[in-house]
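Given next are the chains, with one letter for each unit.
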Amino acid sequence: MSNGSREGVQEALRKTGVTALFFGRLLAACVPALARPRLIIAQVYNAGARSLIIIMLSGLFTGMVLGLQGYDLLQRFGATSALGIAAALSLLKELGPVLTALLFAGRAGTALTSEIGLMRATDQLTAMEVMAVDPMRHVAAPRFLGGLIALPLLTAIFIVIGLFGAQLVGVQMMGVDRGIFWSQMQSAIALKDVTEGVVKSVVFGAVLSLIAVNEGYHADPTAEGVGRATTRTVVASSVMTLLLDYVLTAAFL
Amino acid sequence: MADSQPTLHPAAETDAVIDVRDVHYAIDGRPIFAGLDIRVCQGLITAVMGPSGTGKTTLLRLITGQIYADRGRVSAFGREVADMGRAELYATRRRMGMLFQNGALLTDLTVFENVAFPVREHTDLPEPLIRNLVLTKLEAVGLRGAAQLMPAELSGGMARRVALARAIVMDPEVLIYDEPFVGLDPISLGVILRLIKQMNDVLGITSVVVSHDVHEIATIADHSYLLSDGRVVASGSPAELAASDSATVQQFMTGSAEGPVRFHYPAADYATELLGAERG
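This text gives an overview of the structure that appears in the document. Counting restarts for each chain, with residues numbered from 1 along the sequence as it is written. Going through the entries in the order they are written, you letter the chains from A and number the ligands from 1. Reporting in this predicted model follows two pLDDT cut-offs: at least 70 for local features of residues, and 80 or more for side-chain atom pairs to be given and counted; totals over whole chains, interfaces and linings ignore these cut-offs and use all residues. Side-chain metrics rest on all non-hydrogen atoms present in the structure, leaving aside hydrogens and water.

### Describing unusual backbone geometry
Residue and element names in this part refer to chain B. In this structure, Asp28 is a non-glycine residue whose phi angle is positive, near 50°. Per-residue accessibility, obtained with a 1.4 Å probe over protein chains only, is compared with the maximum for each type, and a residue is labelled buried under 20%, exposed over 50%, and partly exposed between these values. Given the relative accessible area of 80%, Asp28 is considered exposed. A positive phi angle, close to 50°, is found at Asp229, a residue other than glycine. Note on Asp229: relative accessible area 70%, which makes it exposed.

If you want it as structure tokens, here you go:
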């Protein structure tokens, strides 16, 4: 192995170790952080409520595209009555959790990383330390928990709006029977399908929030460093989302 | 730290609140301190001066237990900082207040909430009491009227005064100032200077002021240390330092580029480099 690649591997291992240790400290800090629900609620608002518009718009258009493409495909087999099932399954199991996670990484993840990174760069985290206030408990843990709570909620909203979009195109525009659209969906979707979506969104929420908080917390305390950390958040979040999606899908089959 | 007699540190027998003994510290192999000795005595204003890059801020980080010395010992209130567990370290930090160079105010909170922050974190005082306490401290720094402003709306001098109010809100025994005069206009500078003196006179707070503003600090300091090359090169009252015949002290006090402290970063010969560039 050449020197360069050996250093690369060592650096990757070191980073993995740092992240793992940070995750441990973060989990430990979550327990006392729960005693301050107001801080967590503020972060659910920051990461969740402020992402609502982009999530709802994306959900609507995703659903509408599903309606169009689904109708086009199913009518070739004379199976347009299955449009409701097709839309619901794709949204519940894949598109809802994955697209919401990707949008969350771009909207809330970057905001978390740059906020914490700038707090580091402007000595705010050090000031807390010196005031005998643990920044892990006061800054990192509430943001992690906020993201963990917000992402599944956003996913649910994405799916509901997406179904409405699919219905809008399939039923209102293409003329699929409204009763068939909903009743087929109701009879074919099992609890397991919903569970898969919920589990995925919770896992994505935990992993993406961890990535965002970790990158911000360990960002170089310079303008350039915070910028790089923000980029890393988006890249790592996107790759992890798609990778974990495959793993979880395989686990549920 | 391997020391055979950790029970009774010399600081406990004297009035030294903070005692830095023979401290060695290096960052990435580059030595910052090589045998640093500094004592901060009860009720006095101790100034730590030195050219930029002599590790003045690093010293403050050592004292507050954010980093630990490679060798030597740092004690606060008679206990070695490196020996403290997390709970004791936090308890010790609560007896100290620190003013950061840039204020380090929490940007998502108002001025009022910034000053109230340590109180809310560490006590269960009722809201009216917190309000009175915060307004009293803001009045002391002349910014009661700015209570509802956000940090982004403050000038540099105002931000530092808010940070000072926050640093004293828990009535610390020791106040640590990191470059409190940098970038201030003459009025703000005068105000901060007087505030430091008042905190010391009226409240009896022991003060450590890290600064390279020689003339400002000379007007209030009881005892000064001059750092260079990782150790103390001179110490004494401002008058003693001014009268010192050490070349380093004189260079620092008079602000001369020529002297034992190099102004130029090490480089190749000037003429050679210029001519070399022409030829290349």
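### Re the nonpolar core
For our purposes a nonpolar core is just a set of buried Ala, Val, Leu, Ile, Met, Phe, Trp, Tyr and Cys residues, chained together by side-chain atoms within 4.5 Å. The biggest cluster of nonpolar side chains holds 60 residues, and the ones touching the most others in it are Phe33 and Ile38 of chain B. Every residue pair with non-hydrogen atoms within 4.5 Å of one another is taken to be in contact. In this structure Ile38 of chain B touches Ile18, Asp19, Val20, Val48, Leu59, Tyr225, Leu227 and Val232 of chain B, once residues within four positions along its chain are discounted.

### Topic: the packing of helix H8 (residues 191–217) of chain A against helix H9 (residues 223–252) of chain A
All names here are of chain A. In this description, a line fitted to the C-alpha atoms serves as the axis of each element, helices being fitted only across the stretch in contact, and the angle between N-to-C directions of two axes falls anywhere from 0 to 180 degrees. Here a strand is any run of E in DSSP of at least two residues, a helix any run of H or I of at least four, and the numbering for each starts at the N terminus. Look at H8 against H9: their axes get within 9 Å of each other, and the N-to-C directions meet at 155°. For the element pair H8 / H9, the angle class is roughly antiparallel. Where H8 crosses over H9, the two elements pack in a sense that is right-handed. Contacts from Lys192, Thr195, Glu196, Val199, Lys200, Val203, Phe204, Val207, Leu208, Ile211, Ala212 and Glu215 of H8 reach H9 at Ala229, Arg232, Thr233, Ala236, Ser237, Met240, Thr241, Leu244, Asp245, Leu248, Thr249 and Phe252. The cut-offs work like this: below 35 degrees is roughly parallel, past 145 is roughly antiparallel, 65 to 115 is roughly perpendicular, and the gaps in between are oblique. Should the near helix be turned counterclockwise from the far one by less than a right angle, the crossing is left-handed, whereas a clockwise turn marks it as right-handed.

### Quick word on the interface of chain B and chain A
Size of an interface: often given as the accessible area lost when the parts come together. Every contact between the two is made by 20 residues of chain B and, on the other side, 17 residues of chain A. When two components associate, each loses some accessible surface as probed by a 1.4 Å sphere; the sum of these losses over both components is called the buried area. With both sides pooled, the region where chain B packs onto chain A buries about 1600 Å², and carbon together with sulfur makes up 57% of that total. When the buried area of chain B at its contact with chain A is split by residue, Tyr90, Phe117 and Glu121 of chain B rank highest and sum to 29% of it. Only one rule defines a salt bridge in this text: a Lys or Arg side-chain nitrogen within 4 Å of an Asp or Glu carboxyl oxygen. Counting every contact that joins chain B to chain A gives 4 salt bridges. As a salt-bridge pair, Glu121 of chain B and Arg137 of chain A come within 3.2 Å of each other at their nearest N and O atoms. Polar contact is defined as a pair of N or O atoms within 3.5 Å, subject to the rule that within protein one atom must be able to donate a hydrogen and the other to accept it, and that residues adjacent in sequence are counted only when both atoms are side-chain atoms. Joining chain B to chain A, the criterion identifies 7 residue pairs in polar contact (both at pLDDT 80 or more).

### What about a nonpolar patch on the surface?
Residues and elements named next belong to chain A. Patches were defined on residues exceeding 30% relative accessible area and lacking a salt bridge, with like-charge contacts within 9 Å and nonpolar side-chain contacts (Val, Leu, Ile, Met, Phe, Trp, Tyr) within 5 Å. Under the convention used here, a 1.4 Å probe and the Shrake-Rupley method define accessible areas, while residue burial counts only the protein chains that appear. A contiguous nonpolar surface patch, about 490 Å² in accessible area, is contributed by Val235, Val239, Leu243, Tyr246 and Val247. As for its placement among the helices and strands, Val235 is situated in helix H9. For Val235, a relative accessible area of 48% corresponds to the partly exposed category.

### Structural notes on the packing of aromatic side chains
Each pair of aromatic rings taken from Phe, Tyr and Trp, with Trp reduced to its six-membered ring, is defined by centres within 6.5 Å and is described as stacked if the planes are under 30 degrees apart, edge-to-face if over 60, and tilted in the remaining cases. Under the definition given, this model contains 3 aromatic pairs over all chains. Taken together, a centroid distance of 6.2 Å and an interplanar angle of 70° make the contact between Phe23 of chain A and Phe144 of chain A edge-to-face. Of this pair, Phe23 of chain A sits in helix H1 (residues 3–33) while Phe144 of chain A is found in helix H6 (residues 135–173), placing the two residues 121 residues apart along the sequence. Since its relative accessible area comes to 30%, Phe23 of chain A is described here as partly exposed. Considering the side-chain rings of Phe181 of chain A and Trp182 of chain A, the 5.0 Å spacing of their centres and the 85° angle between planes classify their relative orientation as edge-to-face. Residue Trp182 of chain A is classed as partly exposed on the basis of its relative accessible area of 35%. Consider the ring centre and the ring normal. A charge sits over the ring if Lys NZ or Arg CZ is within 6 Å of that centre and within 35 degrees of that normal. When the ring centre of Tyr217 of chain A is taken as reference, the NZ or CZ atom of Arg120 of chain A above it lies at 4.9 Å. Sitting above the plane of the Tyr90 of chain B ring, Arg86 of chain B keeps its charged end 4.8 Å from the centroid.

### Remarks on the pattern of salt bridges
A complete count under the given rule lists 26 salt bridges over all chains for this structure. Note that Arg76 of chain A and Asp72 of chain A form a salt bridge whose closest N and O atoms lie 3.0 Å from each other. Taken together, the residues Arg76 of chain A and Asp72 of chain A, both in helix H3 (residues 52–76) and 4 residues apart, mark about one turn of the helix. Note on Asp72 of chain A: relative accessible area 31%, which makes it partly exposed. A salt bridge links Lys137 of chain B to Asp171 of chain B, with the shortest nitrogen-to-oxygen separation between them at 3.0 Å. Taken together, the positions of Lys137 of chain B in helix H5 (residues 127–140) and Asp171 of chain B in the loop between helix H6 (156–168) and strand E7 (174–178) put the pair 34 residues apart, joining distant regions of the chain.

Any functional reading would require information beyond the geometric quantities listed.
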